[in-house]
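Now for the letters of each chain:
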Amino acid sequence: MKARVFAQRLFVFGAFMVVVILSAGCPAESLPRPELLAVWGVSGSEPGELRQPIGIAIRADGTVFIADAGNDRVQSFESDGRFLRSIGGRGEGPGQFRRPMDLDIDSEGRLYVAEHVGDRIQVFTAEGAFLREIRGETTDAGSFDAAAGVLVSPAGELYVADFYNDRVVVFREDGEFDRVIGTPGRVLPGRLHYPTDLDWVAERLVVADAYNNRIQLFTSQGEAVGRWGGLLGLGIPGSAPGSFRVATGVAVDVHDRIYVADFENHRIQVFSDEGRLLSIFGSQGDAPGEFERPTDLDIGPDGRIFVVDFGNDRIQVFEPLPDTLR
């Protein structure tokens, strides 16, 4: 028994040293960082103002949609920050919101809104007309307990990050429940703890396993095929390069690079689709280029990086990373 315990401790120590050596060989200061291009957004509740913005989605024409959670609405903007329109308002009826949290846009331009308090997904036209809602209680999966993230896959399936149920629920293109991905837990591959955001890379589902402080990759059928974040992707929080303190948002660009909003480290980290660290930018503060708990981000059609700066009630826009950075 003592020998086995010693061997386990030796393995963990060895793995820790590997992480330390790799981090030392690739300090954050040596990694490329995108230049800041613009900052827009003003705190408030008037049209075009933001209060605790959380989610973001950018349409193919460059229109930016923001989940303005503190105002219980979704707002749309030109890519330069000029206000276009507001969708919704506080309430539980069709087209109203209770804490909208995450957004996605399908190939037809329809807007999907995940409601954290409303426990549902609502679907709208690009102009904001209500189309339908999806509630977990109408399926074999049972009720959502805070719909935190939403994603429409290239195949048209709908994926929902079911926050307090520690899982991802999948619906077919016709809206019928199909399967559940992930199980509650820590450390082990495929275990989720408060997942918040989703994206798609090279036919794999990317999950922001937020309170496990890591990113996990799954096949479309739910097999866990990759994870990273700190020591061996075990969910240990940290501030070293490659570690997370609550990984809340993910976005994938055309080069299959995965961008992660590292919430409590007040920064963005960028990885290859195999988990190799490519870039880190941002630090805590309210100056241009600094963040106060970034929650989400998306990549515009021209490659610009749009970051939701939650604690500062604003959006920050950065130049595209070089195409050669892989």
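The coordinates are above.
All values reported here derive from a predicted model rather than from experimental measurement.

A. The overall build of the protein, seen in detail. Scanning the protein from terminus to terminus reveals 1 helix and 26 strands. For 326 residues, the compact-globule estimate of 2.2 N^0.38 gives 20 Å, and the C-alpha radius of gyration of the protein, at 19 Å, lies within 12% of that figure. Residues counted as buried form 54% of the 326 residues belonging to the protein. In the protein, 47% of the contacts between residues at least 6 apart in sequence involve partners at least 24 apart. Between the averaged position of the 32 positive side-chain charges in the protein and that of its 49 negative side-chain charges there is a distance of 7 Å.

B. Examining the environment of Asn-165 more closely. As for its position among the elements, Asn-165 is in the loop between strand E11 (158-162) and strand E12 (167-171). Owing to a relative accessible area of 27%, Asn-165 belongs among the partly exposed residues under this scheme. C-alpha of Asn-165 to C-alpha of Asp-256: the two residues are 91 residues apart in sequence and 29 Å apart in space. The residues contacting Asn-165, other than those within four sequence positions of it, are Ser-143, Phe-144, Asp-145 and Pro-184. Among the polar contacts made by the side chain of Asn-165, one reaches the main-chain carbonyl oxygen of Ser-143 at a distance of 3.1 Å.

C. Layout of the pairing of strand E8 (residues 120-124). Burial analysis of E8 places 5 of its 5 residues in the buried class, the great majority of the element. With burial as the criterion, each face of E8 is covered, one bearing Arg-120, Gln-122 and Phe-124 and the other bearing Ile-121 and Val-123. Where strand E7 (residues 111-115) lies against E8, 5 bridges are found, and the strand directions are antiparallel. The residue bridging Ala-114 from the neighbouring strand is Ile-121, located in E8. Hairpin connection, E7 to E8: the antiparallel pair is bridged by 4 residues, and Asp-119 has positive phi, about 55°. For E8 and strand E9 (residues 130-134), the ladder comprises 4 bridges, and the chain directions are antiparallel. Paired with Val-123 across the bridge in E9 is Arg-132.

D. Representation of the pattern of salt bridges in the model. The full count for this structure, using the stated rule, is 22 salt bridges. Arg-120 serves as the salt-bridge partner of Glu-133, at 2.8 Å between the closest nitrogen and oxygen. With Glu-133 in strand E9 and Arg-120 in strand E8, this residue pair connects regions lying 13 residues apart in the sequence. Residue Glu-133 is classed as partly exposed on the basis of its relative accessible area, which comes to 32%. Among the residues examined, Arg-120 registers a relative accessible area of 1% and is labelled buried.

Rules behind the numbers
- Residues numbered from 1 in each chain as written.
- Predicted model: local features only at pLDDT ≥ 70, side-chain atom pairs only at ≥ 80, totals over all residues.
- Heavy atoms only, no water.
- Helix = DSSP H or I, 4+ residues; strand = E, 2+ residues; numbered from the N terminus.
- Rg over C-alpha atoms; globule rule 2.2 N^0.38 Å.
- Buried < 20%, exposed > 50% of the residue type's maximum accessible area, 1.4 Å probe, protein only.
- Contact = heavy atoms within 4.5 Å.
- Lys, Arg positive; Asp, Glu negative; His and termini not counted.
- Charge placed at Lys NZ, Arg CZ, Asp CG, Glu CD.
- Polar contact = N/O pair within 3.5 Å; in protein donor to acceptor, adjacent residues only side chain to side chain.
- Pairing = 2+ DSSP bridges.
- Salt bridge = Lys/Arg side-chain N within 4 Å of Asp/Glu carboxyl O.

Read these as geometric descriptors, not functional statements.
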